[in-house]
Amino acid sequence: MDRTISVVGHTALDYIVDVENIAGKNESSPIIDYEEYPGGGAANIAVAIAKLGGKSQLISPVGTDFSSSGYEKLLKEACVDLSRLYSIEDRKISKAFIFTDRKDNQTTYFYWGASSKFKELEPEPADFVHLATADCVYNAKIAQISGFVSFDPGQDLVTYSKENLEIILAHTDILFANRHEIRRVSEMTGKSFFELRSMIDIIVVTYDAEGSRIYKDSEEWAIPVVSVKAVDPTGAGDAYRAGFLLAYTRGYSLPTCGKIGSTVASFAVQTRGCQTSLPTWEEMKSRYEANFGKLEAES
């Protein structure tokens with residue numbers, strides 16, 4: 001029986017915009033094309049876990065247009081547990097406007113909408129919780145009362161206070177960050193990477209096209225990317241975390257968790273939209289074995 005993974009963070013609509021160049025201050029740039037997709041880091045992860053056959057629960061504020069936008073229907077069809085959503089009556093659903101140029105450089109503008117109410121909400125404990133990009137006050141509250149805590153501050157790290165970041169880290173079992181975020185965490189806390197490793201059981205650092213590295217105690221594993229023709233990099237990190245966390249709760253070794261995460265991420269980048277081409281477990285397994293050899297048995 002799979003363990004329920006509760007995912008805290010944003011449920012948002014993504015507007016993915018292709019531009020010639022990322023415009024600078026007081027500049028404009030031609031838009032090549034744009035599309036609206038379901039997104040939000042927490043929702044992306046919850047949907048990916050459910051698509052893989054796992055049990056996911058979404059803990060997120062949603063706005064007045066949640067149902068009319070069609071997003072509620074999509075999440076129900078994906079079999080995501082929505083019992084812990086917060087319905088915010090005076091806000092619209094969060095929205096992300098993501099501008100990507102021809103060299104895959106990105107600039108994102110985020111409308112918090114319903115998510116702006118996060119700090120006013122009181123959480124209930126969760127058995128296994130993943131804190132995706134979200135409000136640091138709420139994340140600090142739920143980290144202190146939950147069982148197992150996975151934490152990914154993401155782009156919202158710039159909004160975190162030192163106090164709340166330290167509270168969350170003190171209760172974190174797995175920390176996910178990219179190379180820039182892990183440096184920022186060190187700067188904000190005054191702790192070296194070595195000190196962070198000594199206080200957090202598992203740290204996973206992603207390096208874009210160079211793959212990821214997993215650190216536990218004195219051990220370290222390098223995880224390569226799974227090469228595919230990438231169309232849209234948006235959502236790759238969310239897909240990686242979904243694959244990693246589901247594999248972890250199923251008892252796979254840490255290197256295998258990383259390779260499963262890398263494999264799930266390879267599906268996400270093949271089409272536009274974070275939730276468009278997420279794999280089933282069997283689809284993931286087939287591509288995994290084509291790249292890494294036979295998938296070990298669950299423990």
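Above this text sits the structure in question.
Residues numbered from 1 in each chain as written. Predicted model: local features only at pLDDT ≥ 70, side-chain atom pairs only at ≥ 80, totals over all residues. Heavy atoms only, no water.

A.B. asks: Any chance you could explain the sheet that holds strand S10 (residues 148–151) here in plain terms?
C.D. replies: Within a sheet, neighbouring strands are paired by backbone hydrogen bonds and run either parallel or antiparallel to one another. The strand order across the open sheet formed by eight strands is S4-S1-S9-S10-S11-S12-S13-S14, and the pairing between neighbours is mixed. The outermost strands of the open sheet, each flanked by one partner alone, are strand S4 (56–59) and strand S14 (219–223). The average angle at which neighbouring strand axes cross in this sheet is 15°, direction not considered. Two elements, strand S12 (residues 202–206) and strand S13 (residues 212–216), share five bridges in a ladder whose sense is antiparallel. Each residue of the ladder has a partner; that of Ile-203, found in S13, is Tyr-215. Along the sheet, helix H3 (residues 136–145) contacts strand S1 (5–8), S4, strand S9 (128–131) and S10; its crossing angle with S9, the most-contacted strand, is approximately 160°. (Pairing = 2+ DSSP bridges. Helix = DSSP H or I, 4+ residues; strand = E, 2+ residues; numbered from the N terminus. Axes fitted to C-alpha atoms, helices over the stretch in contact; angles between N-to-C directions. Contact = heavy atoms within 4.5 Å.)

A.B. asks: Is there a simple way to think about unusual backbone geometry in this case?
C.D. replies: Residues apart from glycine generally show negative phi values, whereas peptide bonds are mostly found in trans. Notably, Cys-79 is not glycine yet its phi reads approximately 70°, a positive angle. Mapped onto the elements, Cys-79 comes out in the loop between helix H2 (71–77) and strand S6 (86–87). Non-glycine residue Asp-208 carries a positive phi angle of around 55°. In this fold, Asp-208 is placed in the loop between S12 and S13.

A.B. asks: Could you clarify how one ought to interpret the pairing of S12 in this entry?
C.D. replies: Consecutive side chains along a regular strand alternate between the two faces of the sheet. Where burial is concerned, most of S12 is hidden: five out of the five residues are buried. Judged by which residues are buried, S12 turns out to be covered on both faces: Ile-202, Val-204 and Thr-206 on one side and Ile-203 and Val-205 on the other are all buried. As paired strands, strand S11 (residues 174–178) and S12 are joined by five bridges and run parallel to one another. Considered in S12, the bridge of Ala-177 is made with Val-205. Hairpin geometry of S12 and S13 is characterised by an intervening segment of five residues between the two adjacent antiparallel strands and by a positive phi of about 55° at Asp-208. (Buried < 20%, exposed > 50% of the residue type's maximum accessible area, 1.4 Å probe, protein only.)

A.B. asks: Can you help me understand the pattern of salt bridges in this one?
C.D. replies: Under the criterion given, the structure shown has 17 salt bridges. One salt bridge in this structure joins Arg-250 and Asp-2, with 2.7 Å as the shortest N-O distance. Here Arg-250 is found in the loop between helix H7 (236–249) and helix H8 (254–268), whereas its partner Asp-2 is found in the segment before S1, with 248 residues between them in sequence. Per residue, the accessibility class of Arg-250 equals that of Asp-2, and both read buried. Close ionic contact of Asp-135 with Lys-119 constitutes a salt bridge, the shortest N to O distance being 3.7 Å. Taken together, the residues span a long stretch of sequence, with Asp-135 in the loop between S9 and H3 and Lys-119 in the loop between strand S8 (106–111) and S9 at a distance of 16 residues. (Salt bridge = Lys/Arg side-chain N within 4 Å of Asp/Glu carboxyl O.)

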